[in-house]
Amino acid sequence: QVQLVESGGGLVQAGGSLSVSCAVSGRTFSSYVMGWFRQAPGKEREFVASISRSGDRSAYADPVKGRFTISRNNAKNTVYLQMNSLKFEDTAVYYCAGRALGGIVIIDANDYAYWGQGTQVTVSS
C-alpha cells in the first residue's frame, strides 16, 4: 500500500519562505507523477504544482508561478515544494498526491490515486 506523508508546514510571515515535503512509501516512487494541491477554508481543493517522474518537467498554477518550486528526489522517495514570497492567500492545507501511469504532469485532482493527509501552512499578514 502506498502512503504519502507530508511535513514541514507551519506559520510564516507574509514575504517569507517555507518548504514542505512529502515522503512516499514503496519502491516505485520514480514511476509516480507527483503533485501538490491546497485547500483553504471554505474553498475547494486547487492545483498548485506537478512534477514528472524524472523531475525534468513541471507545471504550476498561475497564482504560484515564479514563487513556488516543485522538486523531487527519487533516491529518497520524496517530493518537495519550496514556497517563497508567501502571501496571506497562500494559507491553506497543502496535500501531496501521486499517480503511477498517466501524463507527464497532472493538474486534475481526480486523476491522482494517492493522497497524503495534508499539512497546514499559515501565512500571517
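Report on the accompanying structure.

Reading the values: the criteria
Residues numbered from 1 in each chain as written. Predicted model: local features only at pLDDT ≥ 70, side-chain atom pairs only at ≥ 80, totals over all residues. Heavy atoms only, no water. Helix = DSSP H or I, 4+ residues; strand = E, 2+ residues; numbered from the N terminus. Polar contact = N/O pair within 3.5 Å; in protein donor to acceptor, adjacent residues only side chain to side chain. Contact = heavy atoms within 4.5 Å. Core = buried A, V, L, I, M, F, W, Y, C linked by side-chain atoms within 4.5 Å. Buried < 20%, exposed > 50% of the residue type's maximum accessible area, 1.4 Å probe, protein only. Salt bridge = Lys/Arg side-chain N within 4 Å of Asp/Glu carboxyl O.

This part is about the side chain of Ser52. Tracing the sequence through the fold places Ser52 in the loop between β5 (46-51) and β6 (58-60). At 2.8 Å, the side chain of Ser52 and the side chain of Asp56 are in polar contact. In this structure, Ser52 is in contact with Arg57, Arg72, Ile104 and Val105, ignoring residues within four places of it in sequence.

By size, the foremost hydrophobic cluster in this structure holds 35 residues, and its most contacted members are Met34, Trp36, Leu81, Met83 and Tyr94. Taken together, the elements giving at least two residues each to this core come down to β3 (18-24), β4 (32-39), β5, β7 (68-73), β8 (78-83), β9 (92-100) and β11 (119-124). Considering each element in turn, this core owes the most residues, five residues, to β4.

Below, the discussion takes up the pattern of salt bridges. Across all of its chains, the model carries four salt bridges by this definition. Glu46 is the partner of Arg38 in a salt bridge, and the nearest nitrogen-oxygen pair spans 2.6 Å. The residue Asp90 makes a salt bridge to Arg38 at a minimum N-O spacing of 2.9 Å. Of this pair, Asp90 sits in the loop between β8 and β9 while Arg38 is found in strand β4, placing the two residues 52 residues apart along the sequence. Since its relative accessible area comes to 6%, Arg38 is described here as buried. Residues joined by salt bridges that share partners form a network here, namely Arg38, Glu46, Arg67 and Asp90.

None of this, on its own, says anything about what the molecule does.
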